[in-house]
Amino acid sequence: MNTMVIDIKTKFHELGVDIPAEKIEERLEKLIVKFKVPQEEARRSVVNFFLKEHSISKEKFYGGQGEVSFSKVADISEDGKWLNLKAKVVQLWDNTHGSISQVGLLADETGTIKFVSWAAAEVPAVEEGKTYIFKNVVSSEWNGKMEVTLNKSSSVEETPDDIHVQSKPQGVSSLVKVADISEDGRWVDVKGKIVQLWENTNESISQVGLIGDETANIKFIKWARSEIPVEVIEGKNYLFRNAVTSEWNGKLEITLNKSSSIEEIPDEIEVTTREAVLTAAMVDIQSGSGLIKRCPQCNRSLTKGACAEHGKVDGVYDLRLKAVLDTGTIAQDILLKREVTEEISGITLEGAIAMAADALDQGVVLEAMKQKLVGKYYTVSGPRVDRYILVDSIKKESTLDPELLAELINAAEVF
């Protein structure tokens, strides 16, 4: 604490203000010892108190005299340091946290680092691909990794200087296997097959789904602002270049931004799958099931006659089921494509179209399937991908084996 007291006193003395050391120490001790405020936050609070008391602007105090000294991203290794950076904004992340204004990645020629701009800081917004001078940012450690934060003492100024950013970390192979992706904030190339595309209603996302190789599967997000012209298609193989790994809700994923690219490749990649077999009761058939229409260009299901990517289109009819099986202890989402849906429901695609035409309502198909299927026991098998079992085969259990029935009842009672 003594070093901090001397530092604050010296800085104010340079500005022509003499503040007794005991006053500074008294305030710091109260904040740090009594109220358990982190040291750097306590320092900022004490400095702001005396700035206000002596009518000194923050710019004058923090700006310093002479040439500004910039830190390099690769040299940021300590928590709680005040720094100046000249860096390029290489990626902005979607943010729904009200206290955060912007979050993303900054980079210089030595490396990349996450940044967080707090809403309370009220600093100007930054744009992807532009270079800025960031003054008085604070280094911090989160989950074992360094990041920088912008607060009320920070400033942001765009600069015409261009920075050559290394697109990949030093010493790391650019092409990685999915199973080897183990940390966030890394630039990687991934070669894999599109296992599944998910429905997406978020305007900031162009496509989202799963890509896999012979080692594992991983979620990918292609941001709309990336402006990547290639639309990926389920079952085809692609090379993702300059994707960025990130962690969300404890799981790793890869994201594609303006620095990324997608290339369809002729390689035939065998995707590893976790085969699952489950016997349970079907307790629900979710919306988006039954007779649906898909976009003829990207195969996405349509919402109110529109594709999230291609707008209003003449859709192509299809059948599918998104259902929930319940064992008494777990609820498992399952996904059935057309052939399996026809087999278990007894309703063909042509029959479903005729039903909808007679009733002038596609919803009658879903209701008919619910009446036939819900409440009965089934054994399903197929690969487990993310939260779904992609059902290859399904069998209705007309009579349950007594041992299996007893096992299910016992499991339900324990639950």
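Whatever comes next refers back to the structure up there.
Keep in mind that what you see is a predicted model, and the values were worked out from it rather than measured. (Residues numbered from 1 in each chain as written. Predicted model: local features only at pLDDT ≥ 70, side-chain atom pairs only at ≥ 80, totals over all residues. Heavy atoms only, no water.)

Engineer: What is the right way to read the side chain of S246 from this model?
Structural biologist: Secondary-structure assignment places S246 in strand β11 (residues 237-248). With residues near it in sequence (within four places) discarded, S246 still touches D184, G185, K251, L252, E253 and T255. (Helix = DSSP H or I, 4+ residues; strand = E, 2+ residues; numbered from the N terminus. Contact = heavy atoms within 4.5 Å.)

Engineer: Teacher, can you tell me more about a negative patch on the surface here?
Structural biologist: Together, E22, E25, E26 and E29 make up a region of like negative charge exposed at the surface. By relative accessible area, E26 is classed as exposed at 57%. (Patch = residues over 30% accessible without salt bridge, like charges linked within 9 Å, V, L, I, M, F, W, Y side chains within 5 Å. Areas by Shrake-Rupley, 256 points an atom, 1.4 Å probe, with all protein chains shown as cover. Salt bridge = Lys/Arg side-chain N within 4 Å of Asp/Glu carboxyl O. Lys, Arg positive; Asp, Glu negative; His and termini not counted. Charge placed at Lys NZ, Arg CZ, Asp CG, Glu CD. Buried < 20%, exposed > 50% of the residue type's maximum accessible area, 1.4 Å probe, protein only.)

Engineer: Help me understand helix α5 (residues 338-345) in this model?
Structural biologist: Because the α-helix completes a turn every 3.6 residues, residues three or four places apart line up on one side. Listed as buried for α5 are V340, T341, E342, I344 and S345. In the core, the buried residues of α5 are packed alongside β18 (316-326), β19 (331-336), α6 (349-359), α7 (363-373), β20 (377-385) and β22 (393-396). One or two steps after α5, the chain reaches G346, where phi turns positive at roughly 75 degrees.

Engineer: Any chance you could explain the packing of α5 against α7 here in plain terms?
Structural biologist: A pair of packed helices is captured by two measures, namely the crossing angle of their axes and the spacing between those axes. For the pair α5 and α7, the least separation of the axes is 10 Å and the interaxial angle reads 60 degrees. Judged on the interaxial angle alone, α7 and α5 are oblique. Residues T341, I344 and S345 of α5 pack against M369, K372 and L373 of α7. Residue composition of the contact of α5 with α7, by class: 3 nonpolar, 2 polar and 1 charged. (Axes fitted to C-alpha atoms, helices over the stretch in contact; angles between N-to-C directions. Parallel < 35°, antiparallel > 145°, perpendicular 65-115°, else oblique. Nonpolar A, V, L, I, M, F, W, Y, C, P; charged D, E, K, R; others polar.)

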